[in-house]
Amino acid sequence: MIKPLKITFLSLLSITVFSCKSGEEKKEAQEKSKQESKQEAYTIPKNLKWSERMALSEMERFPEAWQLDFHTKPKWSYTQGLVLKGFEELYKKTGKETYYDYIKAFGDTMVNARGEILTYDMQKYNIDMINPGRVLLYLYEKTGEERYRTAIETLRQQLDKHPRTSGGGFWHKKIYPSQMWLDGLYMGQPFYAEYTRTFDKGEAAKKAFDDIALQFQQIQQHSRDEKTGLLYHGWDESRKQQWADKKTGTSPHFWSRALGWYAMALVDVLDDFPEDHPASKDLIRYLNQLAVALADFQDKDSGLWYQVTDQGDREGNYLEASGSCMFIYSLAKGVRKGYLPQSYMDVAKKGYQGVLDHLIEVEDNGVVNLTQVCAVAGLGGNPYRDGTYEYYVNEKIRANDPKGTGPFILASLELDQ
């Protein structure tokens, strides 16, 4: 006969406590394992080149490309075009599908089956919104999907209707009448040139390339300072803006990121600009003039460039990441393509080492951070931005702004780093 099992209150309590403890320990172990797996998944190998390390870091910070620039919902923006250009070049160099998939997911989200671009409004006539069209040109080339062609044509139509100065220069935005900013040359012209090379022929192509050249001619004529060789951030043909010089119409200071946009515009447009076009030599001359000035204002100790380019270590000024990375990319590419003398590669390499030494921080899991990026700067608007020295040096500074990380990827690729 089997004796009944005697379970005392004490033993029952013991079993209960043991069971609870085991459950809690199991839960803690699972959570620890999950965290370790997560950490392991996000570990970026330090033996990769800086271009990949930064790209993978961007993918961790922004799992979807529409999130670039810290967006919380999908938004069509120039910063995505900038960073994804780096991803495009990285994919071409490495053949790693993860970089292409990141680009493609952006296209899938932002362009619907009818070819409509999410959040885009042509009636605002904002030249910034043309730049991410370069992503669509690449995706159309890769996939042949008609929705991309439709979206591309929409952006091209904006250029046909975009308001202009009396000399034919694109306004920066409809809300900034009669104004050309250096930024706008990068935002509009590389797309315009690539579109023209891809789709236009004969007289249509000649007319478009003439128009592209005109944009650079206008900004050189109105914004370049003969003494320094630098170009002012903005020019107001009407002279109505508070920031505009009443005689010249220019803004009062040289901003490194604006100059960086302009330098990148030159080297990128030349990729698609016909070598036999009469203005081709002019574009190369503009680039060489700017390269001389950039070398003159490079900080001799760090190899970097200051936020307000010509003001050195004046109180409040700082060594700024985005402009520095843009200059490095433009100079290195200019040398590689034969537009600039070989000596400028030394300027680019010194600048790049300065970025690594002073502006790059690496977390334990290998995530790469780029520090000291000016978050944003502009002219006019509300609240009003007056373009003074104090304005530029007091704008917000943040890490990993895509206006710095994108050019860092491109610069790293140019220098094979």
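Calculation rules
- Residues numbered from 1 in each chain as written.
- Predicted model: local features only at pLDDT ≥ 70, side-chain atom pairs only at ≥ 80, totals over all residues.
- Heavy atoms only, no water.
- Helix = DSSP H or I, 4+ residues; strand = E, 2+ residues; numbered from the N terminus.
- Buried < 20%, exposed > 50% of the residue type's maximum accessible area, 1.4 Å probe, protein only.
- Contact = heavy atoms within 4.5 Å.
- Areas by Shrake-Rupley, 256 points an atom, 1.4 Å probe, with all protein chains shown as cover.
- Lys, Arg positive; Asp, Glu negative; His and termini not counted.
- Charge placed at Lys NZ, Arg CZ, Asp CG, Glu CD.
- Phe/Tyr/Trp six-rings, centres within 6.5 Å; stacked < 30°, edge-to-face > 60°.
- Lys NZ or Arg CZ within 6 Å of the ring centre and 35° of its normal.
- Expected span 1.5 Å × (residues − 1).
- Salt bridge = Lys/Arg side-chain N within 4 Å of Asp/Glu carboxyl O.
- Core = buried A, V, L, I, M, F, W, Y, C linked by side-chain atoms within 4.5 Å.
- Disulfide = S-S within 2.5 Å.
- pLDDT = per-residue confidence, 0-100.
- Axes fitted to C-alpha atoms, helices over the stretch in contact; angles between N-to-C directions.
- Parallel < 35°, antiparallel > 145°, perpendicular 65-115°, else oblique.
- Left-handed = near helix turned anticlockwise from the far one by under 90°.
- Nonpolar A, V, L, I, M, F, W, Y, C, P; charged D, E, K, R; others polar.

Draft legend 1. Focus on the overall build of the protein chain. The secondary structure content of the protein chain amounts to 14 helices and 6 strands. For the protein chain, the spread of C-alpha atoms along the principal axes amounts to about 110 × 50 × 45 Å. In the protein chain, which comprises 417 residues, the share counted as buried stands at 58%. A separation threshold of at least 6 residues defines the contact pool for the protein chain, and within that pool the share at least 24 residues apart is 71%. Carbon and sulfur atoms provide 51% of the accessible area of the protein chain, an area that totals close to 19000 Å². The average position of the 54 basic charges and that of the 59 acidic charges among the side chains of the protein chain differ by 3 Å.

Draft legend 2. Fine view of the environment of lysine 92. Position of lysine 92 among the secondary structure elements: in helix α3 (residues 78–94). In the structure, lysine 92 is positioned 165 residues away from arginine 257 in sequence and 27 Å away in space, judged by C-alpha atoms.

Draft legend 3. Focus on the packing of aromatic side chains. One pass over the structure, following the stated rule, counts 20 aromatic pairs. Aromatic pair tyrosine 195 and phenylalanine 199: ring centres 4.9 Å apart, planes at 55°, arrangement tilted. Of the two residues, tyrosine 195 and phenylalanine 199 are both situated in helix α7 (residues 182–199); the distance of 4 residues between them amounts to about one turn of the helix. Among the aromatic residues, ring-to-ring pairing joins Tyr140, Phe191, Tyr195 and Phe199 into one connected group. Above the plane of the ring of tyrosine 100 lies lysine 142, whose end atom (NZ or CZ) is 5.0 Å from the centre. Above the face of the phenylalanine 199 ring, arginine 149 is positioned so that its terminal group lies 3.9 Å from the ring centre.

Draft legend 4. Representation of helix α11 (residues 321–336) in the model. For α11, spanning 16 residues, the distance from its first C-alpha to its last is 22 Å, which sits close to the expected 22 Å at 1.5 Å a residue. Most of α11 is tucked away, with 15 of its 16 residues classed as buried. Just past α11, the residue glycine 338 takes up positive phi, approximately 85°.

Draft legend 5. Representation of the environment of valine 269 in the model. Mapping valine 269 onto the fold places it in helix α9 (residues 256–269). The class of valine 269 is buried, set by a relative accessible area of 0%. If we ignore the near neighbours within four places in the chain, the residues touching valine 269 are Gln189, Pro190, Ala193, Ile212, Phe216 and Leu283.

Draft legend 6. Highlighting the pattern of salt bridges. If you walk through the whole model with that rule in mind, you get 31 salt bridges. A salt bridge links glutamate 153 to arginine 149; the shortest N-O distance between them is 2.8 Å. Here glutamate 153 and its partner arginine 149 are both found in helix α6 (residues 146–161), 4 residues apart, which amounts to about one turn of the helix. The class of glutamate 153 is partly exposed, set by a relative accessible area of 21%. When its relative accessible area of 25% is taken as the criterion, arginine 149 is described as partly exposed. Note that lysine 333 is salt-bridged to aspartate 268, the shortest N-O span being 2.9 Å. Here the residue lysine 333 occupies a position in helix α11, and aspartate 268 occupies one in helix α9, the gap between them amounting to 65 residues.

Draft legend 7. Region of the structure containing the nonpolar core. Counting residues in each nonpolar core, the largest one holds 132 residues, and the members touching the most others are Phe87, Phe216, Tyr262, Leu370 and Phe408. When residues of this core are assigned to their parent elements, the largest contribution, 10 residues, is made by α9. Each residue touching phenylalanine 87, except ones within four places of it in the same chain, is listed here: Ala55, Glu58, Met59, Tyr99, Tyr102, Ile103 and Ile409.

Draft legend 8. Inspection of the state of the cysteines at higher detail. Enumeration according to the criterion identifies 0 disulfides in this entry. Sulfur of cysteine 325: no disulfide; nearest cysteine sulfur belongs to cysteine 374 and is 14 Å away.

Draft legend 9. View of the confidence of the model for the protein chain. The predicted model of the protein chain has a mean per-residue pLDDT of 93, with 90% of residues at 70 or higher. Taken element by element, the protein chain is modelled with least confidence in helix α1 (residues 9–41), mean pLDDT 51, and with most confidence in α11, mean pLDDT 99. Long-range and interchain partners of residues 1–21, a stretch whose pLDDT sits below 50, account for 1 contact in this model, where long-range means more than four residues apart.

Draft legend 10. Up close: unusual backbone geometry. Backbone torsion omega between asparagine 382 and proline 383 reads 5°, so that peptide bond is classified as cis. Unlike most non-glycine residues, arginine 239 shows phi in positive territory, near 60°. On the secondary structure map, arginine 239 appears in the loop between β2 (234–236) and α9. For arginine 239, a relative accessible area of 25% translates into the label partly exposed.

Draft legend 11. Examining the packing of α3 against helix α14 (residues 402–414) more closely. Relative orientation of the contacting elements α3 and α14 amounts to 25°, with a least axis distance of 9 Å. In terms of orientation, α3 and α14 fall into the roughly parallel class. For α3 against α14, the interelement crossing comes out left-handed. Residue-level inspection shows Tyr78, Thr79, Leu82, Val83, Lys85, Gly86, Phe87, Glu89, Leu90 and Lys93 of α3 in contact with α14, the latter providing Pro402, Lys403, Thr405, Gly406, Pro407, Ile409, Leu410 and Leu413. Residue composition of the contact of α3 with α14, by class: 10 nonpolar, 4 polar and 4 charged.

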